[in-house]
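Next come the chains, spelled out residue by residue.
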Amino acid sequence: VGSSRPVCSRAGNPMKVTKPHRVTRSYTQTLAGPPEEVFPLLCPVRELDWVNGWNPDLVVTESGFAEIDCVFVTPGTPEDAVWVVTHHDPDHGHLELLKLITGVVVGKIVIRLQAIAEGTSADVSYTYTALSPHGEAAIDGFTQEHFDRFMKAWEEELNHYLLTGEKLTRPT
């Protein structure tokens, strides 16, 4: 991963120190509901109500919903993704998650909600750091165009749910 130099750890074993292969993508969504209605839907359990294809294998939570230190696992290729809620502040519309795909990438997801005349402005950013050559290739494919398509689909699905109370049906 990037250029590196060997360094000895305290145990005398070689440790690799390297510059990051990293990318950040950001997008602002306009959502058809107030932040207090939107925020609870940003939850691994509640996303089942509105996100097509969302189906975590495991959600570990005291409350049954997103909360600080909530952990969830989603199936993926080449590895499953482990997510951890690291910041959960419904009063200020601020959510942060860490996403780990072992041996591939680590991601930081930050979502900030703000009330606007139309409902809610949601600033969403994903930062991925590669952990391997496979992760570097994944990051290189994570273009702004790809991210914009993903965010627009997410925005459309969430708005449909906010307006109708039903999941948007997409053709298969």
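Bear in mind the structure is a predicted one, so any value in this text is a computation, not a measurement. (Residues numbered from 1 in each chain as written. Predicted model: local features only at pLDDT ≥ 70, side-chain atom pairs only at ≥ 80, totals over all residues. Heavy atoms only, no water.)

**Q** I'd love a proper account of helix H2 (residues 133-140), names of residues and values included.
**A** If you check which residues of H2 are buried, you get Gly-135, Glu-136 and Ile-139. For H2, the angular spread of the buried residues around the axis is 105°, confining them to a single face. Of the residues in H2, the exposed ones pointing more than 90 degrees away from the buried face are Pro-133, Ala-137 and Asp-140. Packed against the buried residues of H2 are strand E3 (22-31), strand E8 (105-116) and strand E9 (119-130). (Buried < 20%, exposed > 50% of the residue type's maximum accessible area, 1.4 Å probe, protein only. Helix = DSSP H or I, 4+ residues; strand = E, 2+ residues; numbered from the N terminus. Arc of directions from axis to C-beta. Contact = heavy atoms within 4.5 Å.)

**Q** Please set out the sheet that holds E3 residue by residue, giving values where relevant.
**A** In a beta sheet, neighbouring strands pair by backbone hydrogen bonds and run either parallel or antiparallel. Strand order in this open sheet of seven strands is E3-E9-E8-E7-E6-E5-E4, and the pairing throughout is antiparallel. The open sheet has two edge strands, E3 and strand E4 (58-60), and neither has a second partner. Each strand axis lies, on average, 15° off the axis of its neighbour in the sheet, ignoring direction. As judged from the three bridges shared by E4 and strand E5 (residues 71-74), these two strands associate in the antiparallel manner. Residue pairing in the sheet places Leu-58 in a bridge with Val-73 of E5. Sheet strands touched by H2: E3, E8 and E9. Its angle to E9, the strand with the most contacts, is close to 145°. Of the strands in this sheet, E3, E8 and E9 touch helix H3 (residues 144-164), which is tilted by about 30° from E3. (Pairing = 2+ DSSP bridges. Axes fitted to C-alpha atoms, helices over the stretch in contact; angles between N-to-C directions.)

Honestly, that's just the spatial picture; any functional story needs more than this.
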